Amino acid sequence: MCIRDSYNIKNKKIFVIPLGIPIVAEKSKVDLKTSDKKIILFYGFVAPGKGLEELVEAFSYVNMLHPNTLLVIIGGIRSEDLKYFQYLKKIIVEKRLQNRIVFTGFLPKSKLLEYLFSADVIVLPYVETSVLGSSEALAEIASIGKPVIATKTPKFLELLRDGDNSILINPGDVKQLTEAIMKILSDKLLAQRIANNLRRDALARSWEKIGQKTVKVYKDVIGVISNGKSSEKGYL
């Protein structure tokens, strides 16, 4: 751990409390799908480092074998990323996928949920590996009950486990990404299993449970300080 190594702190004095996950109730599910199209969905800012070029490339292969697929890219575009957005659209036109790829821009929460529930698979193909911390995008989709494909980056490894609650691939690997998407689209049992497992893990990290865990840590530490001496837990 960075804190332990940088400040020479003992492991027993470090408490890791993960980011809480907002839980979406089952009753709020609304599916926008009105056709037999398979929807591959990306959620996050449209920006460099998110692996969108690789996703478009992978989708071009998937769409050749599954012409009923649609790629939906949900996310805002910051002013500094407008040139990147134009570059991405140029790639899409060159591959003649402009009628198969949809950019929604930023969506309000209610509309976002409708799109998320309509997805057959959610893909987070980030290639930026140096960014630490938790992924807000992953936190928002974890309880949706949809299969997730993501890259082996620090943002996702905190929660995701390959083959259990997700399919994990190497960043920038178009071949692995293509195969993972094809696998999810062709294996309903696998898709449902990892989706259910991810929702299970999300429920275990609801904000309510994270709050309870945080309160417990504070109470334990305060109790040790109040006693004025070290305990077997070694907080002091």
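Quick caveat: nothing in here was measured; it's all calculated off a predicted structure.

Caption draft 1: Quick peek at the overall build of the protein. Looking only at helices and strands, the protein has 9 helices and 6 strands in total. A sequence separation of at least 24 residues applies to 75% of the contacts in the protein between residues at least 6 apart. Accessible area of the protein: about 12900 Å², with a carbon and sulfur share of 56%.

Caption draft 2: The packing of helix α2 (residues 52-65) against helix α7 (residues 174-186), seen in detail. Look at α2 against α7: their axes get within 9 Å of each other, and the N-to-C directions meet at 45°. One finds that α2 runs oblique with respect to α7. At the point where α2 passes α7, the crossing takes the right-handed sense. Contacts between α2 and α7 pair Glu54, Leu55, Glu57, Ala58, Tyr61, Val62 and Leu65 from the former with Val174, Leu177, Thr178, Ile181, Met182 and Leu185 from the latter. Broken down by class, the residue content of the contact of α2 with α7 amounts to 10 nonpolar, 1 polar and 2 charged.

Caption draft 3: Looking closely at the nonpolar core. In terms of nonpolar packing, the biggest core is built from 64 residues, with Ile40, Ile141, Ile149, Leu160 and Ile181 touching the most fellow members. A per-element tally of this core places α7 first, with 7 residues. What isoleucine 40 contacts, discounting residues up to four positions off in sequence, is Phe59, Val62, Thr69, Leu70, Leu71, Val72, Val121, Val123, Ile181 and Leu185.

Conventions we followed
- Residues numbered from 1 in each chain as written.
- Predicted model: local features only at pLDDT ≥ 70, side-chain atom pairs only at ≥ 80, totals over all residues.
- Heavy atoms only, no water.
- Helix = DSSP H or I, 4+ residues; strand = E, 2+ residues; numbered from the N terminus.
- Contact = heavy atoms within 4.5 Å.
- Areas by Shrake-Rupley, 256 points an atom, 1.4 Å probe, with all protein chains shown as cover.
- Axes fitted to C-alpha atoms, helices over the stretch in contact; angles between N-to-C directions.
- Parallel < 35°, antiparallel > 145°, perpendicular 65-115°, else oblique.
- Left-handed = near helix turned anticlockwise from the far one by under 90°.
- Nonpolar A, V, L, I, M, F, W, Y, C, P; charged D, E, K, R; others polar.
- Core = buried A, V, L, I, M, F, W, Y, C linked by side-chain atoms within 4.5 Å.
- Buried < 20%, exposed > 50% of the residue type's maximum accessible area, 1.4 Å probe, protein only.

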